Amino acid sequence: MTQVHFRYATVEGRRLFYREAGDPGRPAIVLLHGFPTSSFMFRELIPRLAGDYHVIAPDLLGFGLSDAPAADEFAYTFDALAGLTAGLLEQLGVRRYAMYVQDYGAPVGWRLALRDPGAVAAIVTQNGNGYEAGFVPAFWAGVWAYHKDRNPETENAMRQALTREAIRWQYLTGVPDETLVDPTAWEHDFALVSRPGNDAVQLDLFSDYATNPPLYPRLHEYFRETRVPLLAVWGKGDEIFGPDGARAFATDLPDAEIHLLDGGHFLLESAVDEVATLMRKFLAKHSW
């Protein structure tokens, strides 16, 4: 039976929680979660990978069981989250790794790759966007408006994303059989983002998301220059990052493996076995 360890590390004075499993001597894979979840989203995937890989799944600052300093004490940006993640990996001695990115995990992962291209051996992107084509306009209009002008009206629109119903919508939309999705997942996320002061943390990150598309040209150049192996496993029913976002990776990585699966934004909740099988086949082709 796979043992998963639940650990903490202090990076730049901030306590970060992470899940770790597998032999540290084996190739490392880093799992980077999205909004509004945490490493909890990988609870079923980790045991399926740990037999062959050293698996590390951190909670980003402000999420899960990591520290969540108040927004007026810490500047929450994707640059800052990536910097802390890089510090954690350095502290753990993880210098070369594959990475799995989903939602917010993508802009964190892209920054890690741009910061140290040689460290990233392979990428698995599960509804982790890297192209303008991936944005579903109806969802993102409010985010862009909030970044452009943070006022009570645009803020109220963003606060709706923190409600139980909105989080539940993220989990169930596009899933063919909703009974496969454990309600514990969205209740867990809702409870954590509802902690006092966490709303301000999330609002700052909503606004900062607009800093990510301007990085895409550099990201695409990185893809073309490195030809990093990439697997896209995408819930095709996602109404946040649509299927065109998965197909777009082939623009700069013609050898990218792209699979559109029945499912939604949180594909692991309903198709973890299918995702794990595709990952294991893909990773087996690339040694590091």
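All values derive from a computational prediction rather than experimental measurement.

Side note on the packing of helix H4 (residues 137–148) against helix H5 (residues 152–159)
At step 1: Close contact between H4 and H5 brings their axes to 9 Å; oriented N to C, the two are set at 140°. Considered as vectors, H4 and H5 are oriented oblique to each other. Crossing handedness for the pair H4 and H5: left-handed. Note on element contacts: H5 touches H4 through Thr154, Glu155 and Met158, opposite Gly142, Val143, Ala145 and Tyr146.

Considerations on unusual backbone geometry
At step 1: The peptide bond linking phenylalanine 35 to proline 36 adopts the cis configuration, its omega dihedral lying at 0°.
At step 2: The topology assignment puts proline 36 in the loop between strand E3 (28–32) and helix H1 (46–49).
At step 3: The backbone of asparagine 127 shows a phi angle near 55°, a positive value even though the residue is not glycine.
At step 4: The residue asparagine 127 is located in the loop between strand E6 (120–125) and H4 in this model.
At step 5: Of note, arginine 227 is a non-glycine position whose phi angle comes to about 55°, a positive value.
At step 6: Following the sequence through the fold, arginine 227 ends up in the loop between helix H9 (216–226) and strand E7 (230–235).
At step 7: Judged by relative accessible area, arginine 227 falls into the partly exposed class, the value being 47%.

Some words on the layout of surface pockets
Any empty space left between the atoms is revealed when a probe the size of a water molecule rolls over them.
At step 1: Size it by volume and the largest pocket reaches roughly 320 Å³.
At step 2: Forming the boundary of the largest pocket are 18 residues, of which Phe139, Val143, Met158, Ala161 and Gln170 lie nearest the centre.
At step 3: Listing elements by their share of the lining of the largest pocket, those giving two or more residues are H4, H5 and helix H6 (164–172).
At step 4: The dominant element in the lining of the largest pocket, judged by the number of residues it contributes, is H4, at five residues.
At step 5: Here the lining of the largest pocket is built from residues that sort into 14 nonpolar, three polar and one charged.
At step 6: When its volume is computed, the second largest pocket comes out at roughly 170 Å³.
At step 7: The set of elements that each furnish at least two residues to the lining of the second largest pocket consists of helix H2 (78–91) and helix H3 (105–115).
At step 8: Counting residues per element, the lining of the second largest pocket draws most heavily on H2, which supplies three residues.
At step 9: Classifying every residue of the lining of the second largest pocket by side-chain character gives six nonpolar, no polar and four charged.

As for the packing of H2 against H3
At step 1: For the pair H2 and H3, interaxial distance at closest approach is 9 Å and the crossing angle is 65°. As for the relative orientation of H2 and H3, their crossing is right-handed in sense. Two secondary-structure elements touch here, H2 through Phe78, Asp79, Leu81, Ala82, Gly83, Thr85, Ala86 and Leu89 and H3 through Pro107, Val108, Arg111, Leu112 and Arg115.
At step 2: Residue composition of the contact of H2 with H3, grouped by class: eight nonpolar, two polar and three charged.

With respect to H3
At step 1: The element H3 is largely enclosed, with a buried count of ten among its eleven residues.
At step 2: Residues of H3 that are buried: Gly105, Ala106, Pro107, Val108, Gly109, Trp110, Arg111, Leu112, Ala113 and Leu114.
At step 3: Elements in contact with the buried residues of H3: E3, H2, strand E5 (97–101), E6, H9 and helix H11 (249–252).

Some words on the packing of aromatic side chains
At step 1: Tallied over the full model, the rule gives 30 aromatic pairs.
At step 2: Measuring from ring centre to ring centre gives 5.9 Å for tryptophan 110 and phenylalanine 223, while their planes differ by 90°; the resulting arrangement is edge-to-face. Of this pair, tryptophan 110 sits in helix H3 while phenylalanine 223 sits in helix H9, and the two are 113 residues apart along the sequence.
At step 3: A ring pair is formed by phenylalanine 135 and tryptophan 140, whose centres lie 5.1 Å apart and whose planes are at 75°; its orientation type is edge-to-face. For the pair phenylalanine 135 and tryptophan 140, a shared accessibility class is recorded, and that class is buried.
At step 4: Over the face of the ring belonging to tyrosine 8 we find arginine 15, whose NZ or CZ atom lies 3.7 Å from the ring centre.

What about the UniProt feature "domain: AB hydrolase-1" (unreviewed entry) in the protein?
At step 1: When the UniProt feature table is mapped onto this chain, "domain: AB hydrolase-1" (unreviewed entry) is found at residues 27–269.
At step 2: Helix makes up 42% of residues 27–269 and strand 13%, with an end-to-end C-alpha separation of 25 Å.

Observations regarding the pattern of salt bridges
At step 1: Counted under the stated rule, the structure contains 15 salt bridges.
At step 2: We note a salt bridge from glutamate 44 to arginine 48, for which the minimum N-O separation is 3.6 Å.
At step 3: Overall, glutamate 44 belongs to the partly exposed group, its relative accessible area being 41%.
At step 4: Judged by relative accessible area, which is 26%, arginine 48 ranks as partly exposed.
At step 5: A salt bridge links arginine 48 to aspartate 273; its shortest N-O distance comes to 2.7 Å. On the criterion of sequence distance, the pair formed by arginine 48 in helix H1 and aspartate 273 in helix H12 (residues 268–284) is long-range, its members being 225 residues apart.
At step 6: Several salt bridges share partner residues, and in doing so they unite Glu44, Arg48 and Asp273 into one network.

What counts, and where the lines are drawn
- Residues numbered from 1 in each chain as written.
- Predicted model: local features only at pLDDT ≥ 70, side-chain atom pairs only at ≥ 80, totals over all residues.
- Heavy atoms only, no water.
- Axes fitted to C-alpha atoms, helices over the stretch in contact; angles between N-to-C directions.
- Helix = DSSP H or I, 4+ residues; strand = E, 2+ residues; numbered from the N terminus.
- Parallel < 35°, antiparallel > 145°, perpendicular 65-115°, else oblique.
- Left-handed = near helix turned anticlockwise from the far one by under 90°.
- Contact = heavy atoms within 4.5 Å.
- Buried < 20%, exposed > 50% of the residue type's maximum accessible area, 1.4 Å probe, protein only.
- 1 Å grid on protein atoms, 1.4 Å probe; cavity = no way out; pocket = protein on both sides within 12 Å on 5 of 7 lines; lining within 4 Å.
- Points joined across faces, edges and corners; volume = space filled by probe spheres on them.
- Nonpolar A, V, L, I, M, F, W, Y, C, P; charged D, E, K, R; others polar.
- Phe/Tyr/Trp six-rings, centres within 6.5 Å; stacked < 30°, edge-to-face > 60°.
- Lys NZ or Arg CZ within 6 Å of the ring centre and 35° of its normal.
- UniProt positions renumbered as here; feature names shortened; annotations may be inferred.
- Salt bridge = Lys/Arg side-chain N within 4 Å of Asp/Glu carboxyl O.

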